[in-house]
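Listed below, chain by chain, are the residues.
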Amino acid sequence: MAAILEVSNLTREFRSGKERLRVLDDVSFTLEAGATCAVVGPSGSGKSTLLGLCAGLDAPTAGGVVLAGKELAGLDEDERAALRNRETGFVFQNFQLIPTLTALENVMVPLEMRGGAPLKTVRERARELLAEVGLADRETHYPVQLSGGEQQRVALARAFINRPSILFADEPNGNLDGETSARVTDLLFSLNEKEGTALVLVTHDLELAERTGRLLRLKRGRLESDESTTAAAGDPAALDAR
Ligand SMILES: Nc1ncnc2c1ncn2[C@@H]1O[C@H](COP(=O)(O)OP(=O)(O)OP(=O)(O)O)[C@@H](O)[C@H]1O
Ligand SMILES: [Mg+2]
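Residues numbered from 1 in each chain as written. Chains lettered and ligands numbered in written order. Predicted model: local features only at pLDDT ≥ 70, side-chain atom pairs only at ≥ 80, totals over all residues. Heavy atoms only, no water.

A. Focus on the packing of aromatic side chains. On inspection of all chains with the given rule, the structure shows two aromatic pairs. Pairing Phe90 with Phe92 gives two aromatic rings, centres 4.5 Å apart and planes at 45 degrees, and the pair type is tilted. Look at Phe92 and you get partly exposed, because its relative accessible area is 22%. Ring geometry for Phe90 versus Phe168: centroids 5.9 Å apart, planes at 35 degrees, classification tilted. Residue Phe90 is found in strand E6 (residues 88-91), and its partner Phe168 is found in strand E7 (residues 166-170); the two are separated by 78 residues along the sequence. For Phe168, a relative accessible area of 0% translates into the label buried. Each residue in the set Phe90, Phe92 and Phe168 is aromatic and connected to the rest through ring pairs, giving one cluster. (Phe/Tyr/Trp six-rings, centres within 6.5 Å; stacked < 30°, edge-to-face > 60°. Buried < 20%, exposed > 50% of the residue type's maximum accessible area, 1.4 Å probe, protein only. Helix = DSSP H or I, 4+ residues; strand = E, 2+ residues; numbered from the N terminus.)

B. Highlighting the coordination of the magnesium ion (ligand 2). Only Ser48 (OG) and Gln93 (OE1) from the protein coordinate the magnesium ion (ligand 2), and they sit 2.0 to 2.4 Å from it. A residue pair is termed long-range when its members are at least 10 positions apart, and Ser48 in helix H1 (residues 47-54) and Gln93 in the loop between E6 and helix H3 (103-114) qualify at 45 residues. Of the residues examined, Ser48 reaches a relative accessible area of 31% and is grouped as partly exposed. (Donors = N, O, S within 2.8 Å, 3.2 Å for Na, K, Ca; no water.)

Below you can see the structure in the form of structure tokens.
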């Protein structure tokens, strides 16, 4: 099967004064189309940085990313934006909803940006998605009028609207209570099953991580381990034994 994401020797440094801080250090992995994977690791280990680089939201200091067959470094900013819009959904750790737009309008944005679909169709699809995340009665609310968990669900609906081939989500259930979290998680995995959307989920929730096929563990910017969790899928004891 073709790879949806190929990460090669990815390194990201930030300058702080005279120091150079290496936040990601020579990370490589490949994700097949339709596969699911969790990125885990302590706070500050580089998880969000890795996600941003994979989606072309940030540029690496060294190494490269091939997303949906395209080498990101070979594209200009407009081409990268078009590729992101076409192939990816992204749920930011802090949601990044547009404050001047309602929940419904926020969800509509990526499909409107893509162009081609009549506004009515875009609105209907956004409505369906808001209902799926349990926010049918919040369409006209602005982000400030929504709780953290509600904003997170709007961000998820927005990430789904273009039926991406790969969805990046940074702690997608970080702000949700148990019941809402289970619902959102089911939604993510049904997207994977029904539409073949690959999932890359940053999470501190091991239960969620174990539902994916693969666990990437970061520590101080390095990929400390990369293991398949499928062997354990039918045998919870195998995971407990680790
Ligand atoms: N723009 C930046 N400039 C300087 N340092 C940065 C920048 N972005 C991230 N860092 C540093 O990179 C390190 C990794 O950050 P990152 O946000 O990727 O961690 P994380 O694993 O997502 O953590 P958390 O679980 O807390 O979200 C941190 O030490 C952070 O301070
Ligand atoms: Mg983070």
